[in-house]
Amino acid sequence: MLNVPTLWMVFVVNFSALGLIWAYVTRSYPKFEAARYWMASAFVGAAGAMTALIRLFVESPLPLLLGAAGIMAASCFAAMGIQRFYDRPVHLRLMAGTGILSLAGVVVFMVGFEQMQLRMLFYTVGQGLPLVLSLRLLLAPPEGRASPGARLSGIVILTIIGIFLIRTAGNVLGYDFSARAGGQTHAVMVLLLLFLSMTLNFGFLLMAMDRLRNEVADLALLDDLTGVANRRHLLQRLSEECARSERSGEPFSLLVIDLDGFKTINDTHGHAAGDACLQHFTLMAQTRLRPGDLLARTGGDEFCVVLPSSSMREGALIARRILEVCRQDAAGCSGNDIPIAISIGVAEWDRGIGQFPDRLIAHADHALYAAKKNGKNDFAIFDQAPPLSPEAPGLGEATRKFA
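Keep in mind the model is a prediction, meaning the values are calculated, not measured. Each residue is numbered by its place in its chain's sequence as written, counting from 1. At least 70 in pLDDT is required for a residue's local features to be given in this predicted model, at least 80 for side-chain atom pairs to be given and counted, and no such filter applies to totals for whole chains, interfaces and linings, which use all residues. For side-chain calculations, the full set of non-hydrogen atoms in the structure is used, while hydrogens and water are omitted.

*Asks:* So what's going on with the packing of helix H1 (residues 4-28) against helix H2 (residues 33-53)? Residues and values would help.
*Replies:* Any two packed helices are characterised by the angle at which their axes cross and by the distance between the axes. To get an axis, a line is fitted to the C-alpha atoms, and for a helix only the part in contact is used. The angle between two axes follows their N-to-C directions and goes from 0 to 180 degrees. Here a helix means four or more residues in a row that DSSP labels H or I, a strand means two or more in a row labelled E, and each is numbered from the N terminus. Between H1 and H2, whose axes approach to 8 Å, the crossing angle comes to 155°. It follows from the interaxial angle that H1 and H2 lie roughly antiparallel. The two elements H1 and H2 meet at a crossing, and its hand is left-handed. Its residues placed into classes, the contact of H1 with H2 shows 20 nonpolar, four polar and one charged. Any angle that falls under 35 degrees is termed roughly parallel, while one over 145 is termed roughly antiparallel, one within 65 to 115 roughly perpendicular, and all others oblique. Crossing handedness is defined as follows: a turn of the near helix away from the far one that is anticlockwise and smaller than a right angle gives a left-handed crossing, while the clockwise case is right-handed. Nonpolar residues are Ala, Val, Leu, Ile, Met, Phe, Trp, Tyr, Cys and Pro. Charged residues are Asp, Glu, Lys and Arg, and all others, Gly as well, are polar.

Pasting the structure below:
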């Protein structure tokens, strides 16, 4: 035989433990706002269940009312956590209005007019509506495919809503499934809702783990100083673009960029000034790139730009735009400002490169060397011209292109 007070005590203990877990997550990852709402949901739910247990010792409807308020507030906090997880604004007024109206209905039909069916209907709406409103974010998230944790949470919420509907239908047909009635049917529903509520929180934990794992993976592909892609990310992207181009035959281009005289900047002004120049350059370069272009720092003062679906001519135009913004910025320097000059090599993928991005990098490096040799602060393209004689080696020539 299931004992309802014992089940509620298990609810209190388990949700207090979940609250402590979410409190630890909140402290460890203060920017993860969803954890704060899920922590509040666990603690408020545990407090509501504990308050409801007081009715065993007090002949008053007040503990049940306060307990119902706590459980409905826990549902609201859980839904608000889902909204913040997906960077959506919290519908505080809607949640508060739903909770207040639902609680008012419970009070009216418990204290004013004893009507079990309507009382349970308002209680069910207060519990279920916030979860229903957040269900779409879990099953059809804005960024695309739902994560395993989001799918689990969505399935659990659907199951909880199903139990609420069964409970509501049973009450309409004359069966009292309320806490006052007690009985084994009520105990089974409490047990199921306890299990599902715990599972829902495990779904939230899986969502949090997936989010944090993705953030760590993203950090592994970013340069610490400038915030753009690092060499690992560049090579990964180049391999993808080479494979795509070999399948489709559509070319793409690569820019290799080097800051002219960067060692002199470090020696004269210090490494902090050099770091500031690198950060400033990335900001300027990004203003001249298109959506989908990838800027990466490959080390020191060297950068690369991957230009998907771009011909050599389009790559040269992007190089000219980056060069011009740096020249304009340098022309406006005064006082302690440090002018930035760059050299750029441009290369285009072809069938000879295939799925070997290092060959494309070598071509762009060859063009960069030509730009440096021709006086710096300029760009050059790699000209895949046939050798003039059988003895001539085969990397081709880099042709200088004036901006």
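That was the structure; now back to the text.
*Asks:* For the side chain of Ser 147, give the residues involved together with the corresponding values.
*Replies:* Tracing the backbone through its elements, the reader meets Ser 147 in the loop between helix H5 (116-139) and helix H6 (148-172). Here the term buried applies to any residue with accessible area under 20% of the maximum for its type, exposed to any over 50%, and partly exposed to those in between, with areas from a 1.4 Å probe on protein chains only. Classification of Ser 147 by relative accessible area gives buried; the value is 13%. Excluding anything up to four places from it in sequence, Ser 147 contacts Met 207 and Asp 210. In this description, contact between two residues means that some pair of their heavy atoms is separated by no more than 4.5 Å.

*Asks:* Explain the confidence of the model for the chain to me, using residue names and the numbers behind them.
*Replies:* A residue-level look at the chain finds 92% of positions with pLDDT of 70 or above and a mean pLDDT of 87. Element-level pLDDT for the chain is lowest in strand E6 (residues 397-401), with a mean of 49, against a maximum mean of 96 in strand E3 (residues 302-307). As a per-residue measure, pLDDT reflects the predictor's confidence and takes values from 0 up to 100. Predicted confidence for residues 386-397 stays below pLDDT 50, and this span has 14 contacts to residues more than four positions away or in other chains.

*Asks:* So what's going on with the packing of aromatic side chains? Residues and values would help.
*Replies:* The rule is short: rings of Phe, Tyr and Trp, with Trp giving its six-membered ring, pair when the centres are within 6.5 Å, and they are stacked under 30 degrees, edge-to-face over 60, tilted in between. Scanning the model with the defined rule gives 10 aromatic pairs in all. Centre to centre, the rings of Phe 85 and Tyr 86 are 5.0 Å apart; their planes meet at 80°, and the pair counts as edge-to-face. An identical accessibility class is assigned to Phe 85 and Tyr 86; each is buried. Linked through ring pairs, Trp 22, Phe 32, Trp 38, Phe 85, Tyr 86 and Phe 204 together constitute an aromatic cluster. For a Lys NZ or an Arg CZ to count as sitting over a ring, it must be within 6 Å of the ring centre and within 35 degrees of the ring normal. One cation-aromatic arrangement involves Arg 211 over Phe 85; the distance from NZ or CZ to the ring centre is 4.1 Å.

*Asks:* Give a description of the nonpolar core that names residues and reports values.
*Replies:* Within this scheme, the nonpolar core is defined by two criteria: the residues are buried Ala, Val, Leu, Ile, Met, Phe, Trp, Tyr or Cys, and they are joined through side-chain atoms within 4.5 Å. One finds Leu 255, Ile 257, Phe 281, Ile 322, Ile 342 and Ile 344 to be the most contacted residues of the largest nonpolar core, which totals 32 residues. Secondary-structure elements contributing two or more residues to this core are strand E1 (253-259), helix H9 (262-269), helix H10 (271-286), E3, helix H11 (312-331), strand E4 (342-348) and strand E5 (379-383). It is H11 that provides the largest number of residues to this core, a total of eight residues. Core analysis: the second largest hydrophobic core is formed by 29 residues, Ile 160, Ile 161, Phe 164 and Phe 204 among them.

*Asks:* Break down the environment of Ala 380 for me, citing the residues and quoting the values.
*Replies:* With respect to the helices, strands and loops of the structure, Ala 380 is situated in strand E5. Take Ala 380: its relative accessible area is 0%, and that puts it in the buried class. As for Ala 380 and Arg 297, which are separated by 83 residues in sequence, their C-alpha atoms are 20 Å apart.

*Asks:* Residues and numbers for the side chain of Asp 260, please.
*Replies:* Within the secondary structure, Asp 260 is located in the loop between E1 and H9. Assessed through its relative accessible area of 11%, Asp 260 is described here as buried. Here a polar contact is recorded for every N or O atom pair within 3.5 Å, except that within protein the pair must consist of a potential hydrogen donor and a potential acceptor, and residues adjacent in sequence are included only if both atoms are side-chain atoms. Within the local environment of Asp 260, its side chain forms a polar contact with the side chain of Ser 343, the two groups lying 2.8 Å apart. Setting aside its immediate chain neighbours within four residues, Asp 260 contacts Ala 341, Ile 342, Ser 343, Lys 372, Lys 376 and Asn 377.

*Asks:* So what's going on with the pattern of salt bridges? Residues and values would help.
*Replies:* Salt bridges are counted wherever a side-chain nitrogen of Lys or Arg sits within 4 Å of a carboxyl oxygen of Asp or Glu. Throughout the structure, instances matching the rule amount to 10 salt bridges. Measuring nitrogen to oxygen at the nearest pair gives 3.2 Å for the salt bridge that ties Arg 237 to Glu 241. Of this pair, Arg 237 and Glu 241 both sit in helix H8 (residues 231-248), four residues apart, which is roughly one turn of that helix. The class of Arg 237 is buried, set by a relative accessible area of 18%. Of the charged contacts in the structure, one is a salt bridge between Arg 244 and Glu 241, with a shortest N-O distance of 2.9 Å. Residue Arg 244 and its partner Glu 241 are both found in helix H8; the two are separated by three residues, about one turn of the helix. One connected set of salt bridges, linked through shared partners, spans Arg 237, Glu 241 and Arg 244.

*Asks:* Requested: an account of unusual backbone geometry, with residues and values cited.
*Replies:* Unusually for a residue other than glycine, Ser 309 sits at a positive phi of about 50°. You can call Ser 309 partly exposed: its relative accessible area is 43%. Phi angles above zero are rare outside glycine, and Lys 376 is one such case at about 65°. Tracing the sequence through the fold places Lys 376 in the loop between helix H12 (357-373) and E5.

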